[in-house]
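Close look at the chain arrangement
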2 protein chains.
Amino acid sequence: MDRLINFAAGPSMMPESVLRKIQDSILNYEGQGYSILEMMHRKPPFEAILLELKSRVKSLLNVPDDYEILFCPGGGKMQFGMVPLNLVTPGCRGGYIVTGTWSRMASEEARRVSREVTLWAGNGRDLPDEVVEVPDDADYVYFCDNETVDGTEFQGLPAVSCADPVFVSDMSSNFMSRPFDVSRFGAIWAGVQKNFGTAGLACVIVRRNLLGNAADTVPQMLNWNVYAKSNSLQNTPPVLQFYTAMLMARWVEEQGGVAEMDRRAKERSALLYSAIDDMQDFYVGALPPEVRSRMNVVFTIADKNLIKPFVEEAAAQGMINLAGHRSVGGLRASLYNVMPIEAVQKLTVFMKDFAGRHGKFH
Amino acid sequence: MDRLINFAAGPSMMPESVLRKIQDSILNYEGQGYSILEMMHRKPPFEAILLELKSRVKSLLNVPDDYEILFCPGGGKMQFGMVPLNLVTPGCRGGYIVTGTWSRMASEEARRVSREVTLWAGNGRDLPDEVVEVPDDADYVYFCDNETVDGTEFQGLPAVSCADPVFVSDMSSNFMSRPFDVSRFGAIWAGVQKNFGTAGLACVIVRRNLLGNAADTVPQMLNWNVYAKSNSLQNTPPVLQFYTAMLMARWVEEQGGVAEMDRRAKERSALLYSAIDDMQDFYVGALPPEVRSRMNVVFTIADKNLIKPFVEEAAAQGMINLAGHRSVGGLRASLYNVMPIEAVQKLTVFMKDFAGRHGKFH
């Protein structure tokens, strides 16, 4: 196969079994006589894909009946605009907990399309450890469950001052990686290209009683309620992305569901954090244990001159995309659902060898 | 192969050579060690795809240097909102020539996000044959170059009362099917899933001096200027759709370019219209010759009870999706770039046989 180990923050690795199934569908989808890329979205074969995708998301995440499961084009950044356009009511505003790059961008986009209040802002290496004050005019409390660039991940819901908050969460980089109680949220959403498919689609799960608040001035393609009423088929959708997400849902189910995904994520990330901690004079910058992401392990090398050789030598051994996000530099290993534990073992062996060859730990 | 002849209005048929190339890229893209579906968008392999796509669009359509070529997620309906949000200036409005389903929806969406003026409206079976009056406060003159549902297609630019109109055209269903003078337009755009790829992407060609008019309140993902400044990479794009469009651009070039596409389109549609005209007591409802689309041949059968058997018998012979749009019924054969002339010959043979068996033309 000669397929590499891809530590990219996304798009990320997909299971070979899923890729082979997609490959089979490119010339002739299940003997229907046309490609998945040519498939009409208003015929039974696509309807079956959409139905299976929605019902698998519902069962994998135990989504209550009073929630809608929507699929929108445009990925995560489109949702930065759609969240406030759909949830802010007259005279009120969105409330944002800013823990890193993506929640900050979401709050900035909210400020563009309505009003926004930053409820809490940290330094990119921390999460709120006190009760977050929420003003009466905040329609929702927004947070990014896993900050892909900074490497922090919430371990549970943030503590807030109000009794019945409408939590809204960007789960783009840890969607389908652990069980969570959907009923505690007003809405969660995720660009699918990390744990759940290929780039070009976002999954939104929203409580039905929050729909219908978008103003008449909101473009139809940004109105969640239009997606809800049309079964996400108000226009020609990216069929291949729906099919891929459906196959990923099948795969997660076959592998044991989101509880098993969580177990694997903890095992993978614990192995890598422990390697970093064991060589903490050489590998530095790992976050405090209580905020560490299971998905994106952010660290660096004390001697900055060694970062480039590290990335290049790892790539030469088949482990690619270990450079940190271009805004922060350093190193980052993203360990999404599909990453095998053996790949992390290989990485830690390389890390020990690399550190040894550069004068430490030999 | 057992691939069917797909007369759908879109998503539509793609060349087998393009599908095979995509199939090869699903497990391991050009020996890079990862799938096209896993490809990072900020690395050289994707940069090469995007560069080739843009330069081929530029050369195939002879796009002048003062135009930007953008790629946006969400298909055509997203552009219905984006056109007025990007082009309407303070105190002014968009002007719409309404010739059918898609231009009417575009004008309705424009009314949602700004103001709109309907400059001309027809009955769905005609195009303006007089000079269209354009008020001074119209920022642009919008028309749908080819109405996919209704089956009309402009033969040239509409005649308008103002000296230097900013024409904006939806070319979703006839993009890359004929040469046109880009310099006469302010902007043209097309969802790619008919003549130029697979669903989930729109191509926008816009004159650079029209960019920068979007208000600060416009979501970034709807702002053409943000796409222009980021080389269409402000977020993770649908990589597969870019790759597919690039392969389609290569294919159009190999086949002889857009002039050859036009020759074939005329040959295909002439053959089918002539079969309909030859049996005009049986097959009815074809549009007047001067407005007929080369892409979407809309007609029906005088005896409405025969429509369903026609569609079913054609499907049994491998010719699928001949039913008209669900809003209008009847029959429709869409003849996009990839449709071979032999397929249209087969359809006309079937049509003669079908009419014969039902009491006429035997």
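Everything quoted here is computed from the prediction, not taken from an experiment. (Residues numbered from 1 in each chain as written. Chains lettered and ligands numbered in written order. Predicted model: local features only at pLDDT ≥ 70, side-chain atom pairs only at ≥ 80, totals over all residues. Heavy atoms only, no water.)

A word on the relation of the copies chain B and chain A. A rotation about some axis, followed by a shift along it, carries one copy of the chain onto the other. Expressed as a screw operation, the relation of chain B to chain A combines 0.0 Å of axial shift with a rotation of 180 degrees, fitting to an RMSD of 0.0 Å. With respect to symmetry, the two chain copies, as superposed, fit the operation of a two-fold axis. The C-alpha atom lying nearest the rotation axis in chain B is that of B:Gln23; the distance is 2.7 Å. In this assembly the copies share their binding face: 100% of the residues contributing to the interface of chain B also contribute to that of chain A. (Least-squares fit on C-alpha atoms with pLDDT ≥ 70 in both. Contact = heavy atoms within 4.5 Å.)

All names here are of chain B. Across the interface, helix H6 (residues 239-255) lies against helix H7 (residues 257-278) with an axial gap of 7 Å and an inter-helix angle of 75 degrees. As the angle between them shows, H6 and H7 are arranged roughly perpendicular. Counting all contacts with H6, which are made through Trp251, Val252, Glu253 and Gln255, the residues of H7 involved are Gly257, Val258, Glu260, Met261 and Arg264. Tallied by class, residues from the contact of H6 with H7 come to four nonpolar, two polar and three charged. (Axes fitted to C-alpha atoms, helices over the stretch in contact; angles between N-to-C directions. Helix = DSSP H or I, 4+ residues; strand = E, 2+ residues; numbered from the N terminus. Parallel < 35°, antiparallel > 145°, perpendicular 65-115°, else oblique. Nonpolar A, V, L, I, M, F, W, Y, C, P; charged D, E, K, R; others polar.)

Attention shifts here to the domain arrangement of chain A. Residue and element names in this part refer to chain A. When its domains are assigned, chain A resolves into domain 1 (16-254) and domain 2 (256-357). Distance from the C-alpha centre of domain 1 to the C-alpha centre of domain 2: 27 Å. The partner domain 2 presents 27 residues to the 28 residues of domain 1 that form the contact. A buried area of about 2,100 Å², summed over both sides, lies between domain 1 and domain 2, and 54% of it is on carbon and sulfur atoms. When the buried area of domain 1 at its contact with domain 2 is split by residue, Arg125, Val149 and Trp251 rank highest and sum to 26% of it. Linking domain 1 with domain 2 are one salt bridge, by the criterion used here. Taken together, domain 1 and domain 2 are joined by 16 residue pairs in polar contact (both at pLDDT 80 or more). (Domains from an automatic or database assignment. Buried area = accessible area lost by both parts, 1.4 Å probe. Salt bridge = Lys/Arg side-chain N within 4 Å of Asp/Glu carboxyl O. Polar contact = N/O pair within 3.5 Å; in protein donor to acceptor, adjacent residues only side chain to side chain.)

Let us look at the sheet that holds strand S11 (residues 283-284) of chain A. Residue and element names in this part refer to chain A. Strand order across the open sheet formed by three strands is S11-S12-S14, with antiparallel pairing between neighbours. Taken across any chain shown, the strands that pair with only one partner, and hence form the sheet edges, are S11 and strand S14 (331-334). For S11 and strand S12 (residues 296-301), the ladder comprises two bridges, and the chain directions are antiparallel. Within the sheet, the bridge partner assigned to Tyr283 lies in S12 and is Ile301. (Pairing = 2+ DSSP bridges.)

Next up on the list: the interface of chain B and chain A. Opposite the 59 residues of chain B that make contact, chain A presents 59 residues. Taken together, the two surfaces of chain B and chain A that pack against each other cover about 4,900 Å², and 58% of this comes from carbon and sulfur. On the chain B side of the interface with chain A, the three residues burying the most area are B:Leu27, B:Leu37 and B:Glu38, jointly 15% of the side's total. Applying the counting rule to chain B against chain A returns two salt bridges. The interface formed by chain B and chain A contains 23 residue pairs in polar contact (both at pLDDT 80 or more).

Residue and element names in this part refer to chain A. Applying the stated rule across the entire model yields 40 aromatic pairs over all chains. For the ring pair Phe143 and Phe167, a centre distance of 5.9 Å and an interplane angle of 85 degrees mean the geometry is edge-to-face. Residue Phe143 is located in strand S5 (residues 138-144), and its partner Phe167 is located in strand S8 (residues 167-170); the two are separated by 24 residues in the primary sequence. Note on Tyr283 and Phe310: the rings are 5.9 Å apart at their centroids and 75 degrees apart in plane angle, and the pair reads as edge-to-face. Within this pair, whereas Tyr283 is found in strand S11, its partner Phe310 is found in helix H8 (residues 307-316), the two being separated by 27 residues in sequence. In this structure Phe310 comes out as buried when scored by relative accessible area, which is 0%. One aromatic cluster is present, formed by Phe282, Tyr283, Phe299, Phe310, Phe350 and Phe354 through successive ring pairs. (Phe/Tyr/Trp six-rings, centres within 6.5 Å; stacked < 30°, edge-to-face > 60°. Buried < 20%, exposed > 50% of the residue type's maximum accessible area, 1.4 Å probe, protein only.)

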